[in-house]
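# Summary of the model geometry
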Amino acid sequence: MGEGLSEERELAKAVERAAEAIALMRRRAERHHVEGVVPKRQTPLFKLEVGGAQLEVTDKQAAALLVVKGGGGVEALNAIARATGLNSKLALGLARQLEQMGLVKLVAAPQRKVVVLTPLGREVAEKVERELEKRGLGAAAR
Amino acid sequence: MTPLIVEVDGRQLELGGKEAAALIVMRFVGWSAVTLSDLELATGNYVSAISAVAKLKALGLVNEYSVRGFKLYTLTELGEKAADELRRRAEGLGLWRRVEEALGGA
């Protein structure tokens with residue numbers, strides 16, 4: 001009985017602590033809010049056969065996938081922005097586009113964002129790499 | 001300090017109050033990952049945040065992504081279920097209104 005009451009008190013403290021943190025985090029997040037915008041100027045680069053379907057990959061999508069693959073499958077969104085020459089809004093839009101294609105997972109806190117390759121994204125990144133090498137562009141891409 | 005015992009998927013998880021607070025924050029704040037400084041807010045200070053993360057990772061409730069000198073933390077599926085169970089219990093005791101206020105007041 002006493003233990004149950006102590007557990008309730010502990011839960012009450014945890015909820016109170018969490019509520020205070022959530023309120024503060026959401027106020028702070030307003031300063032970091034960025035709305036993603038998909039970059040308009042993207043040039044179709046490849047049509048790849050993936051899982052029995054054709055997938056069109058643009059120059060910026062290919063670059064982003066290679067950057068994430070180069071980071072071992074996990075990379076900061078900032079690094080993608082730098083590599084593709086996009087600002088943070090457009091880089092976020094590009095990452096969301098890749099997420100919709102099932103190629104990456106966006107792990108995002110308001111002030112920090114990380115892009116993680118999915119197994120399909122890794123497969124596509126490897127095909128992009130091979131295709132660039134075939135075209136003699138492999139070293140330039142790296 | 002009495003630990004909170006949460007049963008999820010047939011597993012009994014023993015959580016401290018700060019770990020429980022961290023789980024609630026991660027599940028309900030409204031975004032997919034949190035930073036260590038977010039967890040400091042939930043647990044009180046840097047040392048508690050590090051200790052809570054270590055315990056939650058060991059229990060399989062939290063994933064860590066480490067990139068270019070910073071770390072992000074997300075809940076695993078088990079972590080989400082544990083946080084949902086904490087919510088269910090808090091609601092049963094009439095404690096959840098504080099979290100709803102915090103979410104609504106942003």
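Residues numbered from 1 in each chain as written. Chains lettered and ligands numbered in written order. Predicted model: local features only at pLDDT ≥ 70, side-chain atom pairs only at ≥ 80, totals over all residues.

Here we take up the overall build of chain A. The secondary structure content of chain A amounts to six helices and five strands. Considering only C-alpha atoms, chain A reaches an extent of 70 × 35 × 25 Å along its principal axes. Buried positions account for 33% of the 142 residues belonging to chain A. (Helix = DSSP H or I, 4+ residues; strand = E, 2+ residues; numbered from the N terminus. Buried ≥ 20, exposed ≤ 12 C-beta atoms within 10 Å, placed from the backbone.)

A separate point is the sheet that holds strand 3 (residues 34-35) of chain B. Taken together, the three strands give an open sheet; going across it, the order is 3-5-4 (chain B), and neighbouring strands pair in antiparallel fashion. Each of the sheet's edge strands pairs with one partner strand only, and the pair in question is strand 3 and strand 4 (62-67) of chain B. (Pairing = 2+ DSSP bridges.)

Facing 34 residues of chain A, the contacting portion of chain B comprises 36 residues. Contributions of two or more residues to the side of chain A that touches chain B are made by helix 1 (2-29), strand 3 (74-76), strand 4 (104-109) and strand 5 (112-117) of chain A. The greatest single-element share of the side of chain A that touches chain B, amounting to 21 residues, is contributed by helix 1 of chain A. Taken together, the residues that form the side of chain A that touches chain B break down as 20 nonpolar, three polar and 11 charged. (Contact = placed C-beta atoms within 7 Å. Nonpolar A, V, L, I, M, F, W, Y, C, P; charged D, E, K, R; others polar.)

Now for the environment of Leu75 of chain B. Residues and elements named next belong to chain B. Positionally, Leu75 belongs in strand 5 (residues 70-75). With 21 C-beta atoms counted inside 10 Å, the residue Leu75 sits in the buried group. Considered as a pair, Leu75 and Thr2 are 73 residues apart in the sequence and their alpha carbons are 24 Å apart. If near-sequence neighbours (up to four positions away) are discounted, Leu75 is found in contact with Met26, Arg27, Leu61, Val62, Glu80 and Ala83.

An α-helix turns once every 3.6 residues. As a result, residues three or four positions apart point the same way. In this model, helix 2 (residues 59-70) of chain A (12 residues) spans 16 Å end to end at C-alpha, consistent with the 16 Å of a helix rising 1.5 Å per residue. For helix 2 of chain A, the set of buried residues is Lys60, Gln61, Ala62, Ala63, Ala64, Leu65, Val67 and Val68 of chain A. (Expected span 1.5 Å × (residues − 1).)

Partitioning chain A into domains gives domain 1 (2-32) and domain 2 (44-141). Between the C-alpha centres of domain 1 of chain A and domain 2 of chain A there is a distance of 38 Å. (Domains from an automatic or database assignment.)

With that settled, consider the nonpolar core. Core analysis: the largest hydrophobic core is formed by 72 residues, its most contacted members being Ala18 and Ile22 of chain A together with Leu23, Ile24 and Val25 of chain B. Here this core gets nine residues from one element, more than from any other, and that element is helix 1 of chain A. When residues of this core are sorted by domain, at least three fall in each of domain 1 (2-32) and domain 2 (44-141) of chain A. Ignoring sequence-local partners within four residues, the contact set of Ile24 of chain B consists of Ala14, Val15 and Ala18 of chain A together with Ala83, Leu86 and Val99 of chain B. (Core = buried A, V, L, I, M, F, W, Y, C linked by C-beta atoms within 7 Å.)

Once that is clear, we can look at the sheet that holds strand 3 of chain A. All names here are of chain A. Read from one edge to the other, the open sheet built from three strands follows the order 3-5-4, with strand pairing classed as antiparallel. The two strands at the open ends of the sheet, each matched to only one other strand, are strand 3 and strand 4. Here the average twist between neighbouring strands, direction ignored, is 20°. Pairing analysis gives three bridges linking strand 3 to strand 5, with the strands arranged antiparallel. Its bridge partner lying in strand 5, Val74 is registered against Val116. This element, helix 3 (residues 77-84), spans strand 3 and strand 5 of the sheet and lies at about 75° to strand 3. (Axes fitted to C-alpha atoms, helices over the stretch in contact; angles between N-to-C directions.)

Residues of chain A with pLDDT of at least 70 account for 94%, and the chain-wide mean is 88. Within chain A, no element has a lower average pLDDT than helix 6 (residues 138-141) of chain A, which sits at 54, and none a higher one than strand 3 of chain A, at 95. (pLDDT = per-residue confidence, 0-100.)

A few words on the confidence of the model for chain B. On average, residues of chain B score 94 in pLDDT, and 98% of them are at 70 or above. Predicted complex, confidence summary: ipTM 0.93, pTM 0.85.

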